[in-house]
Amino acid sequence: MFGERHVLADLSTGQRDPDDWEIGRLRTVDYLLDPRVLTYEPTLSLLAVGTASGLICVVGGPGVESSVQTPEGSPVKILQLAASTDKLVAVDERDQLHIWNLKDLTEPPNAVMLSPSHTHVFLALQSGEIRTYDLLCLKKSPYVIPNLWNMFQAKIASSMVDPMHALPGCNIPIDLVAHARDLNLIFVAFGGGVVLYDLSSRNILRVYELVIPAGAPGGGGYHQSEVLTHRWPSVTSVAIHPAGHFFAVGYADGCIAFWAVEDEDQPLMVRTSTDLDVNVINGEELENFLQNDGPPEEKGTNLSERQPIYRVAWCGFPNSSDPRGGATAFVFFGGDRNYDPCRLTVHTMPALNPPEPPAPSGSNTGLHASIRKAMQLSVIPLETTYYLSSGPAYDFVIFPKSNPHFSGCWDPVAILFLTAASDSRMVEARQFLPPKMMSPRPGTDAQNNSEQSDVVHDLSATLEDMALSGEEPLPMHVPSKLYSGLGGVFYAQLLTLERSTHDVLVGQQLVPGDADLPIVGGSAWIDDKRLSELRLSRSHPRRILITCHRDLTVRFHDASPQLLISSSTSPLQKNFPFAIHDLTIDLSCLPLSSAPEVATVQLAPESLECVVLLKSGDLLVYQLNTTQVSPPIEIDGNKEFVLLGNVTSRPGTRYHPFLMLPRGNVSLTCCALSDIGFIGVGYIDGSVAMIDLRGPSLLRPQRQKRQSKLLVRNQDADPVVSLTWTVSAVSIDAQLAVRLIAIHESGNTQVFKIIRDPESSLYNFAQDVFRVEGLPNVMQGGSFVIDSQKGTIWRADRSRFAASLHSGDSNPARCLWVTANAKGARCMLDISGERISKIEWHSKKNKVEHVQVIEKNNSHVLVAFNDKPEAMVYSLPYLEHLHTFSLAKICEKYNLFARVVSVDETGDFIASRRHESGVLEQIIFGTLFKTRRVYDHPIVNLTSFHREIPPYPQPVSVGPSSLLGSWFRFGKPIMTGEQLDALLAGPDRPIISPDPVQTSQDTTSHGLDVTKTIENARSGVYNRLNDALAERGEMLGNIEQRIDSLQQGSKDMVAQAKRLATEQSARRWFGF
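Given the structure is predicted, the values throughout are model-derived calculations rather than measurements.

J.: Talk me through the overall build of the protein; I want residue IDs and the actual numbers.
T.: Looking only at helices and strands, the protein features 16 helices and 60 strands. When burial is assessed residue by residue, the protein has 53% of its 1072 residues classed as buried. The contacts of the protein with a sequence gap of at least 6 include a subset with a gap of at least 24, amounting to 61%. Summed over all atoms, the accessible surface of the protein reaches about 48800 Å², with 50% contributed by carbon and sulfur.

J.: Give a detailed account of the sheet that holds strand β15 (residues 194-198), specifying residues and quantitative values.
T.: Read from one edge of the open sheet, four strands run β13-β14-β15-β16, paired in antiparallel fashion. Looking along the sheet, the strands with just one partner apiece sit at the ends: β13 (173-179) and β16 (203-208). Adjacent strand axes in the sheet meet at a mean angle of 20 degrees, parallel and antiparallel pairs treated alike. As paired elements, β13 and strand β14 (residues 182-190) share six bridges and run antiparallel to each other. Among the inter-strand pairings, Pro-173 is bridged to a residue of β14, identified as Phe-190.

J.: Could you give an account of the pattern of salt bridges, naming the residues involved and the relevant values?
T.: Two side chains bearing opposite charge may form a pair once their charged atoms approach each other closely. One pass over the structure, following the stated rule, counts 32 salt bridges. Note that Lys-77 is salt-bridged to Asp-95, the shortest N-O span being 2.6 Å. With Lys-77 in strand β6 (residues 76-82) and Asp-95 in the loop between β7 (87-92) and β8 (97-99), this residue pair connects regions lying 18 residues apart in the sequence. Among the residues examined, Asp-95 registers a relative accessible area of 22% and is labelled partly exposed. Note that Glu-870 and Lys-868 form a salt bridge whose closest N and O atoms lie 3.3 Å from each other. Judged by relative accessible area, Glu-870 falls into the buried class, the value being 11%.

J.: For the environment of Asp-558, give the residues involved together with the corresponding values.
T.: Its location among the elements puts Asp-558 in strand β31 (residues 553-558). C-alpha of Asp-558 to C-alpha of Val-506: the two residues are 52 residues apart in sequence and 7.2 Å apart in space. Setting aside residues no more than four positions away along its own chain, Asp-558 makes contact with His-502, Val-506, Arg-543, Ile-544, Leu-563, Pro-577, Phe-578 and Ile-580. A distance of 2.7 Å separates a polar atom in the side chain of Asp-558 from a polar atom in the side chain of Ser-560.

J.: Can you tell me about the pairing of strand β53 (residues 881-886), naming the residues and giving the values?
T.: Judged from the five bridges that link them, strand β52 (residues 870-875) and β53 form a sheet pairing that is antiparallel. Within the sheet, the bridge partner assigned to Glu-870 lies in β53 and is Ser-886. Linking β52 back to β53 in an antiparallel pair, the connection comprises five residues, with Leu-879 at a positive phi of about 55 degrees.

J.: Got a sec to walk through unusual backbone geometry? Specific residues and values, please.
T.: Following Phe-576, the chain continues into Pro-577 via a peptide bond in cis, with omega recorded as -10 degrees. With respect to the helices and strands, Pro-577 occurs in the loop between β31 and β32 (578-586). If you check the backbone angles, Leu-879 has positive phi at about 55 degrees while not being a glycine. Among the structural elements, Leu-879 can be located in the loop between β52 and β53.

J.: Let's hear about the sheet that holds strand β37 (residues 655-661): which residues, and what values?
T.: If you walk across this open sheet you meet the five strands as β33-β34-β35-β37-β36, and the pairing is antiparallel. The open sheet has two free edges, formed respectively by β33 (598-603) and β36 (642-643), since each of these has just one partner strand. Here strand β34 (residues 610-614) pairs with strand β35 (residues 619-624) via four bridges, running antiparallel. Among the inter-strand pairings, Val-611 is bridged to a residue of β35, identified as Val-621.

J.: Lay out the pairing of strand β11 (residues 130-134) with the relevant residues and their values.
T.: In terms of residue burial, β11 counts as a mostly covered element, since four of its five residues are buried. Connecting the antiparallel pair strand β10 (residues 120-125) and β11 is a turn made up of four residues, with Gly-128 showing a positive phi of about 100 degrees. As judged from the four bridges shared by β11 and strand β12 (residues 139-145), these two strands associate in the antiparallel manner. Within the sheet, the bridge partner assigned to Asp-134 lies in β12 and is Lys-139. Between β11 and β12, which pair antiparallel in sequence order, lie four residues; one of them, Leu-138, sits at a positive phi of approximately 55 degrees.

J.: Outline the packing of aromatic side chains, supporting the account with residue identities and numerical values.
T.: All chains considered together, the criterion is met by 28 aromatic pairs. Judged by centre distance (4.9 Å) and plane angle (50 degrees), the ring pair of Phe-187 and Phe-247 falls under tilted. A residue pair is termed long-range when its members are at least 10 positions apart, and Phe-187 in strand β14 and Phe-247 in strand β18 (residues 246-251) qualify at 60 residues. Exposure class is identical for Phe-187 and Phe-247. Each is buried. Taken together, the ring pairs connect Phe-246, Phe-258, Trp-314, Phe-330 and Phe-332 into an aromatic cluster. The ring centre of Phe-396 lies 4.6 Å from the NZ or CZ of Arg-311, which sits over that ring. Between the NZ or CZ atom of Arg-425 and the centre of the ring of Tyr-394, over which it lies, the distance is 3.8 Å.

J.: Which residues make up the nonpolar core, and what values go with them?
T.: Soluble globular proteins tend to pack their nonpolar side chains together in the buried interior. If you look at the biggest cluster of nonpolar residues, it comprises 72 residues, and the most contacted ones within it are Leu-416, Phe-556 and Tyr-655. No other element matches strand β28 (residues 489-497), which puts six residues into this core. The contacts of Leu-416, once residues within four sequence positions are left out, are Leu-38, Leu-47, Asp-395, Phe-396, Val-397, Phe-399, Val-427, Glu-428, Ala-429, Val-478 and Leu-517.

J.: So what's going on with the side chain of Glu-41? Which residues, and what values?
T.: For Glu-41, the position within the fold is in strand β2 (residues 35-41). Although Glu-41 lies buried, it forms no salt bridge, and the closest oppositely charged side chain, Arg-947, sits 7.0 Å away as judged by the N-O distance. Within the structure, the side chain of Glu-41 is placed 2.9 Å from the backbone nitrogen of Leu-44, a separation counted as a polar contact. Here Glu-41 is in contact with Leu-46, Leu-81, Ala-83 and Pro-404, once residues within four sequence places are set aside.

J.: Explain the environment of Val-331 to me, and be specific about the residues and the numbers.
T.: Within the fold, Val-331 resides in strand β22 (residues 328-334). As for Val-331 and Tyr-386, which are separated by 55 residues in sequence, their C-alpha atoms are 9.8 Å apart.

J.: Tell me what's going on with helix α11 (residues 798-805), and back it up with residues and numbers.
T.: For α11, every residue scored as buried is listed here: Arg-800, Phe-801 and Ser-804. The buried residues of α11 occupy one face: seen down the axis, they fall within an arc of 100 degrees. The inward-facing, buried residues of α11 abut β42 (720-730), β43 (733-744) and β45 (763-773).

What counts and what doesn't
- Residues numbered from 1 in each chain as written.
- Predicted model: local features only at pLDDT ≥ 70, side-chain atom pairs only at ≥ 80, totals over all residues.
- Heavy atoms only, no water.
- Helix = DSSP H or I, 4+ residues; strand = E, 2+ residues; numbered from the N terminus.
- Buried < 20%, exposed > 50% of the residue type's maximum accessible area, 1.4 Å probe, protein only.
- Contact = heavy atoms within 4.5 Å.
- Areas by Shrake-Rupley, 256 points an atom, 1.4 Å probe, with all protein chains shown as cover.
- Pairing = 2+ DSSP bridges.
- Axes fitted to C-alpha atoms, helices over the stretch in contact; angles between N-to-C directions.
- Salt bridge = Lys/Arg side-chain N within 4 Å of Asp/Glu carboxyl O.
- Polar contact = N/O pair within 3.5 Å; in protein donor to acceptor, adjacent residues only side chain to side chain.
- Phe/Tyr/Trp six-rings, centres within 6.5 Å; stacked < 30°, edge-to-face > 60°.
- Lys NZ or Arg CZ within 6 Å of the ring centre and 35° of its normal.
- Core = buried A, V, L, I, M, F, W, Y, C linked by side-chain atoms within 4.5 Å.
- Lys, Arg positive; Asp, Glu negative; His and termini not counted.
- Arc of directions from axis to C-beta.

Set out below in structure tokens:
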């Protein structure tokens, strides 16, 4: 018997030398789990995200990512991008200003205002002062605005009667907003009110202070004890109408006041999210309040309390030929009751179109009654749209199509809002729908005088707006770095595909879709010095990254190295990894009894079917819409699985649900997907079944009896823990056939043979079942059937299946069956034959979590990954220990180690680091063979994409110019950005050109070198100043020399002229 033992070929000859291995990190994907502030710059088309850890990440087009860190990780509270100077401006929680980490202001800034038309930043400090900083010269400008609210209070101090008028915090600046059509005017929002300030004359033009009179409901309604007193609600936010003639102010009591710029005495309207004119006394409600001696106690103050208006914005659209614009969209969040759903509210406002008023009489220069009436009608919503969010909203960012003016709210295409999840914050995006073509309200003067010229002027726009009827805002895709909260990743898997199937799965994804945010700024490329090695990536395997998210979605990403092939002349076209959104599987669309939790996902590498096994025991099968397939036929009497052909999927998705195998009385424990239309399932009671997708039909072995869950005792149950499909022979059956290997928890193994009925052409289990004693508790993915001569894995794929159908060889090739558990591994010949080898893992202290048969240069080894983390290499088939490689340098961060979660057959793997909330905060792409692998982080140019900045919008008249021609100095020149810079910087401003475009390499993993940036910026500024001064002195010297030369020349010219005149006189005297 001993002499009959087989001598097998060594399958690992090419991997015995340690020099053949090079452990290394390829790439990292970091998720921003703690975003705090967002900003978008349409001219640069860049999105900046500030986090609670002080990290600021700028995201642009494909591969464009760059990060900076505030000192000591101080959280970011204010963030802006300056398009005029290509600067990033941030204020942290320690009240320090950073312009690429510049810190020289001592007072804490409360608000920041930038404009693409000039190069200064306005900083509203907590003291109430407004200072200016020159982003071009990187120095403070001399222009300072004192505390305007203190000046206003000092002016009215003599007439102040109510001491409560001066509320605490009323002189603290809250917001700064530039006038929509005049750079010379700014609105300064203080806690007590809003001040309109003239920069050139340094004068306060208007002060808008809201007073809720005693008896009026205000934001709190008649459910507050302060109804019988005057109230001065605190300002929270300001937004200007695109025409520039009126604006909206949000307040802390949940109300919104609309003010005409020319009328500071009374607002046009004060409303809440549900009620109008809340600054007017409601006699009936007040009478009930007085009769009840105060607010009803059963309702309670807290239950009916309104949230503050956190932020407001006013969006305009190019939907009218009228220079004042057409319908607008007023956006705000907050102001809802505590029991209202979390949402962001958008009011569609009618166009401002006042009639021509009668001629003014006397010296009255105030707001005409007809103009005021038209303004009031233009702030009554025609329609309200709610953008529901997953949690309370904290902030929102509007994405304009291209125009950076109007506070970035002109012609928006998307809206991004920051919401709070249960344990973190998340970023959600929605499509921003333009207002529908609506007529003014019936019975208004505006309607009687309107001739609907807009509809006639642009019929195509009218038809497009009509087509939007009934349309709901669609969700949009956020950058993958912002996967957090409910969108966070909790499961990741790496797969290798052949090029043909990869191309079918990925498809053509070059053109951004309607659901993609318009972030295309910057450019990125791999260093040209690595181009020769980078081109070798063309022959590397294609890879797919599968992730599962807490929002019940399964998403696919292209992680192929071919995506990184680029150069300085041909930048990256896709991100790495690249999200394939049309493959997303949404589990929330399915008729499940409870919220699904994904246990595992399997993708067939050839047929591309996808199987999702839930922790509840339900099994879901999805098929790819590559061809038009006929819907499955409902089988009479089938009660074990549910066909899902009628389930509605997300629009545009290519994976559609095919069938579901519910849990039933006995739970599923594992599954195995093949490329030939078979799915194996194992149960907790030890039974096995097979789904044949050709029918579909559910098949079970003929001698296997299912037991009721009530009859299964824990000590009797032997659950199936691993299933493996293969096409091979076994030692006691030399026929090449499709086989399903089912390994039970105890190690008992059943080998099922799948046969085809020649009469019906249907497949079923063969009657004979071979039993083998295997390893107990085999881990998921720990069973491999490989060729004994070549080492390749024998799967149940199309080529092997075709070979089984045409095989007449009575002596097929031998195979090896390799299994592994947490303690060791074993190799057997022909599955049920003799044992070749059995070993225990080299490191017994650490738990082995993953094993994989890895191929390199036609040589195969078994690699086990433990939680130390280490990679232990064993030869095949005799399982000799060859090497142990530490993965600490790849997986370590802050003394914490990432866990290897998925390994492919080429030696590439991914490790993940999990946040305490349960979602992944980092995915690390690593490899066992890094030689000549180019996954470098790209060189990033954030300013290569730069739209032309349009001129600042010009003022428009609210009515006939004869009546209101003096508004905003109509007919007079409007201040330009250059003039404003000259006003703020003073006469001593040096002439400095903007900084040249800078590039940054390896910016994603390490961010920008902050210290180096500071030194380079300062030294660059000083060098430019010195050069400018030297050049100025040289120019003055040249001018002086030229003046002397001109003076001498003029003297010579005068002398020559006198001489010529004398000669001419002499000639006339002598008669010449």
